[in-house]
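Inside the fold
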Amino acid sequence: MPAAPEPAAAAQVGFRAYLWQFKAGVVAVAAAEAAGLAGFGLGDGSIALRPFDDPEAANTRRLIVHENAALLSLVAAPGGHGFLSGGDDGRLVRTAADGTADELASVPRKWIEHVVAADHGNALNSQIAYAAGRRVGLLDGTGREIAAWDDHPSTVTGLAFNPKGKRLVASHYGGVSLWWAKAEAQQPKRFSWKGSHVAVTWSGDGRFVITATQESELHGWRLADGADMRMSGYPAKPKSLSWSRDGRWLATSGAEVVVVWDCRGKGPMGSAPVELSRGAQVTSVAFHPRHGLVASGHADGQIRLGRLADQSSIDLERVGAAPITSLAWTRDGRWLIAGGEDGAAGLLDFEAGS
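With an unreviewed UniProt entry as reference, the chain is termed WD40 repeat domain-containing protein, source organism Ferrovibrio xuzhouensis.

Below, the structure is given as structure tokens:
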């Protein structure tokens, strides 16, 4: 692969960084924007909260959500007033900004490693899904169970809603299963490809489902005709996947550059990807919600920002010394939330530097 341009080639970006260190590793980060909170899901079963309006607050609020258990997943709850988390205690929990916690599901002797939400502003029109072993549970935005499906050939390794929240895809050994987000009895539509699929994403324009595989490559399906796509050449498994707002570009981890595939037309297979932000191995990626910019977290704790227009990049901040495990933008693109394997965490405010 050709070398990416040096960071100095990018225009300078103003921002201010606020950094902390937690005692437990950061598993995932999310923004509960209606509550004005950045959430850091920690491996010790807690959620640490930092307010956007006071990022220099002396104390971090820490909520014990999965007591005596590990937190495995974290996303913002529909409406943005709190968080949804899954743990190795088999519990799906909704935690409000005031610390009130409600158990939405419990699957004894299973881990809830994957939780996703389709937020459409109204709780009744929003959806929540979780995976526990071979089970996928579907809830509405209030937490009421709509359906549960156990018909998967192996443990579910990833979940994603389509852009309208009407369908749900689950990845597993041998491919993916597509479900309608409704209670009626149904058989899933299955797309098959041999091997282990370790993550899944649905394109922002609804045209593609793409997985990361144990064989360190991507595999995808064009939904219009079921055509297969295979994107290879990664030195490591590309576990982090993020789409541009228009659904054209897919950014991925798994190499010493951010690998960005152009998914216009019939899809990315057969075309060379764009490469951004060369450095230590990329472990997490997050497309900016408004612009053609990709934030990347690296194995050495460095965060970079790459620009598609001229394939330039800049160093933003080093957050700890261990791999970055999770990145998330707020919807307006002002704040970037970051967390690391060693418990390092940060908020980057891009309005403060403008």
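And the narrative resumes.
Bringing the overall build of the chain into the picture now. When you go through the chain residue by residue, the secondary structure sums to 0 helices and 32 strands. Taking 20 Å as the expected radius of gyration for a compact globule of 354 residues, we find that the chain reaches 19 Å, a close match to that expectation. In the chain, which comprises 354 residues, the share counted as buried stands at 54%. In the chain, once contacts between residues fewer than 6 apart in sequence are set aside, the share between residues at least 24 apart is 44%. For the chain, the computed accessible surface area is about 14,700 Å², with 47% contributed by carbon and sulfur atoms. Counting 35 positive and 37 negative side-chain charges, the chain places the centres of these two groups 6 Å from one another.

The next thing to look at is unusual backbone geometry. Within the chain, Arg109 stands out as a residue other than glycine whose phi angle is a positive 65°. A positive phi is found at Ser277, a non-glycine position, where the angle reads about 55°. You can see Ser277 is positioned in the loop between β25 (274–276) and β26 (282–287).

We now examine the side chain of Gln127. Inspection of the secondary structure puts Gln127 in strand β11 (residues 127–132). Overall, the relative accessible area of 10% leaves Gln127 in the buried class. A polar side-chain atom of Gln127 sits 3.0 Å from the main-chain carbonyl oxygen of Asn125. Setting aside chain neighbours within four positions, we find Gln127 in contact with Pro78, Val116, Ala117, Ala118, His120, Leu138, Leu139, Asp140, Gly141, Phe161 and Gly165.

Attention now goes to the environment of Pro188. Checked against the element boundaries, Pro188 lands in the loop between β16 (175–180) and β17 (189–192). Spatially, the C-alpha atom of Pro188 lies 24 Å from that of His120, the residues being 68 residues apart in sequence. When near neighbours in sequence (up to four residues on either side) are disregarded, Pro188 contacts Asp151, Ser177, Leu178 and Trp179.

Moving on, we come to the pairing of β26. Counting buried positions along β26 yields 5 of 6 residues, so the element is predominantly enclosed. Pairing of β26 with strand β27 (residues 293–298) involves 5 bridges; the strand directions are antiparallel. By the bridge assignment for β27, Phe287 is matched with Val294.

Per-residue confidence for the chain averages 94 on the pLDDT scale, and 96% of its residues sit at or above 70. Across residues 1–11 the pLDDT falls below 50, and counting only partners more than four positions away or on other chains, this stretch makes 24 contacts in the model.

Glancing now at the environment of Gly175. Along the chain, Gly175 turns up in strand β16. Linking Gly175 and Asp262, residues 87 residues apart in sequence, is a C-alpha distance of 22 Å. Not counting the four nearest positions on each side in its chain, Gly175 is found in contact with Ala170, Phe191, Ser192, Trp193, His197 and Trp221.

Before going further, it helps to examine the sheet that holds strand β1 (residues 16–21). The strands making up a sheet associate through backbone hydrogen bonding, with each pair oriented either parallel or antiparallel. Ordered by their spatial adjacency, 4 strands build an open sheet running β1-β32-β31-β30, and the pairing between neighbours is antiparallel. Only two strands of the sheet have a single neighbouring strand rather than two, namely β1 and β30 (324–329). Strand-to-strand twist of the sheet, defined as the mean angle between neighbouring strand axes without regard to direction, takes the value 15°. Note: strand β31 (residues 335–340) against strand β32 (residues 344–349), 5 bridges, orientation antiparallel. Along β32, the bridge assignment pairs Trp335 with Asp349.

The rules behind these values
- Residues numbered from 1 in each chain as written.
- Predicted model: local features only at pLDDT ≥ 70, side-chain atom pairs only at ≥ 80, totals over all residues.
- Heavy atoms only, no water.
- Helix = DSSP H or I, 4+ residues; strand = E, 2+ residues; numbered from the N terminus.
- Rg over C-alpha atoms; globule rule 2.2 N^0.38 Å.
- Buried < 20%, exposed > 50% of the residue type's maximum accessible area, 1.4 Å probe, protein only.
- Contact = heavy atoms within 4.5 Å.
- Areas by Shrake-Rupley, 256 points an atom, 1.4 Å probe, with all protein chains shown as cover.
- Lys, Arg positive; Asp, Glu negative; His and termini not counted.
- Charge placed at Lys NZ, Arg CZ, Asp CG, Glu CD.
- Polar contact = N/O pair within 3.5 Å; in protein donor to acceptor, adjacent residues only side chain to side chain.
- Pairing = 2+ DSSP bridges.
- pLDDT = per-residue confidence, 0-100.
- Axes fitted to C-alpha atoms, helices over the stretch in contact; angles between N-to-C directions.

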